[in-house]
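# Working through the structure, step by step
Listed below are the residues making up each chain.
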Amino acid sequence: MCGIVGCVGQRRVAPILVEGLRRLEYRGYDSAGLAVIRPEGLSVFREVGRVADLARGLPDELEGSVGMAHTRWATHGGVSRKNAHPHVDATGRIAVVHNGIVENAPEIRSRLERDGIRFRSETDTEVIPHLIRTFYAGDPQQAVRAALQRLQGTYGIAVLFADHPDLLIAARNGSPLVIGLGEGETLLASDSQALVQYTRRVVFLSDGEVAVLSREGVDTTLLDGVRVDPAIQQLDEEWDVPDRGDWAHFMEKEIHEQPESIRRCLRGRVLAREGTAKLGGPDMTPRDLLGVGRVELLACGTSFHAATVGAMAIERLARVPASARIASEFRYRNPIVNRDTIFFAVSQSGETADTLGAVREVQTKGGEVLGIVNVVGSSLARACGRGIYVHSGPELAVASTKAFTSQVTALLLFTLLLARTRTLSGHEGRAVAEALLRIPDQVAAYLEDPGPVEAVADLVQHARYALFMGRGFSHAVALEGALKLKEVAYVPCEAYPAGEMKHGPIAMMEEGTPVVVVVPDDSVREKTLSNVQEVRARGARVVVVHSEGDPEAAAMGDLSIAVPRTLEILSPLLTVLPLQLLAYRTGVRLGRDIDRPRNLAKSVTVE
Ligand code: F6R
């Protein structure tokens, strides 16, 4: 969704801003804009469409070493140049870019209009520069603080004042901002991906903080003016700007990075000899774990599918009741929060508004929530305080692939740890630990020789309807496979538990309907295979994803794809791979915008 980049430097800032916006393109947007301070005042440029369109419209050698830029994903007001950010006050001397939503914008706008201010856009954001102007009497920080005290809603903002050409002001409430400390220059971004090529020394702004960026560094206060000491962190190399290399798309690259991303998630966390896991982040002793009576996992989209696998694994292995909850539903059902329940918020970006909302609801009721998050320093990681980083590294394709397998891996590590405090013997724990450690090589082996994925893509690409099905762990995988195919290829499809299919979707079967069945050699294999017979008998063209060395399952498909064998609870880490590739290959065949599918954004920061 929306992105912010800013810089107070010594060199020409326009190229830094354009490059920063390019780094944020993966998040999805529909228009872009930029403001720089020049000797004659503020210059603002805005354009609908791509960052490249904005860049083309900039004057050659645009002067100015202080500036900010924005990519907008429309919420209030249509996609147009006048609604693109930055927005300026009536004098054109204060400019603002904003991520988030100002909930009381209509009231503020009517009041300002009554005072004679003419608005030039339909956005909620435009109230901010006008409001700042009403409080401005020479002290920019004080004016921003005063204006923010009147705003309700969420924001990450950057503000430029023509009267203070060496400063950039930033403030955050519920929408992320990170400050980069460079040599003689200080940068700002809504996502560290826009900064890492300049510096890895960063400060994550917290809610309620206002920062003044200058060439010397950053000065931070709370809304009431009280000073806070910025906590400087060093970003790990895994967060360096990824290069697409020879891969055609980031999605393809990220699918093939999974041996390494899973290995990173496991690194130092598996105690093979003791048959358990070591997780520093949750900071729970075996004694604490013994006190856990229930586990609830909160998530959206692909992360919800990973959470579904996690909940099943926890119940199966640790015999602790566990469920995965769709965060956007959970937060509004007045959830029951018990003392012995631990909650996990599972999120790649750590910025998903629905998941953050669910976390706040649990915390309000006195519950404890841990994060299972990829992006370091993200809002969820900070809101939860402790948890498990999944270490996928930056995932730039909008459709999540490697983050899914890393989330599943992190949840399986927690499962192993929890299970060892109760059901699992050392011997049994060792078998799980060893199987987990084998996964990265098995993923690599599968990806080397992925089977007839092209032929399956041929089958589904023009389908009017396709069905994915599986039981138990494989149902979660079927859900993920169908979501990927919708997102990347826009092929109409759904996923069902294989046993439930006959209670409805079987009506959709006709001659040639593609049905993708996930049926590894697990405790429900026989049952799933009988469901395969049911769809075959009605003319379905069946694709079977099965374990290597299972000729019976293979023979039941018109097409079949074998994946390496592993334990049932680990099987999603392997069975999901052909489904990721299927979505990718089908999207490519249909000429889709693979890394930026229509209407989707990488982190969904609105409800
Ligand atoms: C699908 C996808 C989305 C996200 C969902 C939650 O490919 O990426 O379904 O999984 O929007 O996002 P996070 O994990 O960032 O909370």
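Note that the coordinates shown come from a computational prediction; the quantities given were computed from them, not determined experimentally. (Residues numbered from 1 in each chain as written. Predicted model: local features only at pLDDT ≥ 70, side-chain atom pairs only at ≥ 80, totals over all residues. Heavy atoms only, no water.)

### Overview of the site of the ligand
Keep this limit in mind: Nearness is judged by heavy atoms alone; a residue qualifies as near a molecule or strand once a single heavy atom is within 4 Å of it. Residues adjacent in sequence count toward polar contacts only when both atoms are side-chain atoms; beyond that, a polar contact is any pair of N or O atoms within 3.5 Å, and within protein one must be able to donate a hydrogen and the other to accept it. Under the convention used here, a 1.4 Å probe and the Shrake-Rupley method define accessible areas, while residue burial counts only the protein chains that appear. Here a strand is any run of E in DSSP of at least two residues, a helix any run of H or I of at least four, and the numbering for each starts at the N terminus. Each residue gets one of three labels, nonpolar for Ala, Val, Leu, Ile, Met, Phe, Trp, Tyr, Cys and Pro, charged for Asp, Glu, Lys and Arg, and polar for the others, Gly among them.
In the vicinity of the ligand lie 13 residues, with S303, S347, Q348, S349 and T352 positioned nearest. Between an oxygen atom of the ligand and a side-chain N or O atom of S303, the distance comes to 2.5 Å. In the environment of the ligand, an oxygen atom lies 2.8 Å from a nitrogen or oxygen atom belonging to the side chain of E487. Its free accessible area being 400 Å², the ligand has 91% of it covered by the protein chains. Going through the elements one at a time, α9 (301–318) and α16 (473–489) are the ones with two or more residues in the shell around the ligand. At 3 residues, the largest contribution of residues to the shell around the ligand is made by α9. Along the lines of polarity and charge, the residues of the shell around the ligand split into 3 nonpolar, 8 polar and 2 charged.

### A short note on the pattern of salt bridges
Rules: By definition here, a salt bridge exists when the distance from a side-chain nitrogen of Lys or Arg to a carboxyl oxygen of Asp or Glu is within 4 Å. Remark: exposure states derive from per-residue accessible area (1.4 Å probe, protein chains only) relative to the maximum for the residue type, with buried under 20%, exposed over 50%, and partly exposed in between.
Per the counting criterion, the structure on display carries 38 salt bridges. In this structure, R585 engages E454 in a salt bridge whose closest nitrogen and oxygen atoms are separated by 2.5 Å. Placement of the pair is R585 in helix α19 (residues 572–589) and E454 in helix α15 (residues 453–460), with a sequence separation of 131 residues. For R585, a relative accessible area of 25% corresponds to the partly exposed category. Each of the salt bridges in this network shares a partner with another, and the network as a whole consists of E260, R263, R267 and D441.

### Notes on the sheet that holds strand β20 (residues 341–347)
Note the following rule: Pairs of strands are assigned from DSSP output, requiring at least two bridges between the strands. Comment: axis = line fitted to C-alpha atoms, over the contacting stretch for helices; angle = value between 0 and 180 degrees taken between N-to-C directions. It only takes one pair of heavy atoms within 4.5 Å for two residues to be counted as in contact.
One open sheet accounts for 5 strands, arranged β19-β18-β20-β21-β22; its pairing is parallel. Looking at the sheet topology across the chains shown, the edges are occupied by β19 (322–326) and β22 (387–389). On average, each strand axis in the sheet is tilted by 20 degrees relative to the strand beside it, whichever way the strands run. One ladder, built from 5 bridges, connects strand β18 (residues 294–299) with β20; its direction is parallel. Bridged to V295 within β20 is I342. Docked against the sheet, helix α11 (residues 353–364) engages β18, β20 and β21 (368–373), running at close to 145 degrees with respect to β18.

### Focus on the domain arrangement of the protein
Applied cut-off: Delimitation of the domains relies on an automatic or database domain assignment. By convention, the term buried area covers the 1.4 Å-probe accessible surface removed from two parts as they join, with the contributions of both added.
Per the domain assignment, the segments making up the protein are domain 1 (3–239), domain 2 (242–448) and domain 3 (449–593). Computed from C-alpha coordinates alone, the two centres of domain 1 and domain 2 are separated by 34 Å. With 10 residues of domain 1 in contact, the opposing surface of domain 2 contributes 15 residues. Summed over both sides, the interface between domain 1 and domain 2 buries roughly 1300 Å², with carbon and sulfur atoms accounting for 54% of that surface.

### A look at the packing of α16 against α19
Inclusion rule: Any angle that falls under 35 degrees is termed roughly parallel, while one over 145 is termed roughly antiparallel, one within 65 to 115 roughly perpendicular, and all others oblique. The crossing is said to be left-handed when, going from far helix to near helix, the turn is anticlockwise and less than a right angle, and right-handed when the turn is clockwise.
The interhelical angle for the contact between α16 and α19, taken along N-to-C directions, is 15 degrees, at an axis separation of 9 Å. Relative to α19, the element α16 lies roughly parallel. Between α16 and α19 lies a crossing whose hand is right-handed. From α16, F473, V477, A478, E480, G481, K484, L485, V488 and A489 reach across to α19, where they touch P572, T575, V576, L579, L582, A583, Y584, T586 and G587. Class assignment of the residues belonging to the contact of α16 with α19 gives a composition of 12 nonpolar, 4 polar and 2 charged.

### Overview of the sheet that holds strand β11 (residues 201–204)
Spatially, 8 strands are ordered β3-β2-β4-β1-β10-β9-β11-β15 in an open sheet, and the strand pairing comes out antiparallel. In this open sheet, the two strands that pair with only one neighbour each are β3 (41–48) and β15 (233–234). For strand β1 (residues 3–8) and strand β10 (residues 186–189), the ladder comprises 4 bridges, and the chain directions are antiparallel. Residue pairing across strands places V8 opposite T186, the latter belonging to β10. Packed on one face of the sheet, helix α1 (residues 14–24) meets β1, β2 (31–38), β4 (66–72) and β10 and runs near 155 degrees to β1.

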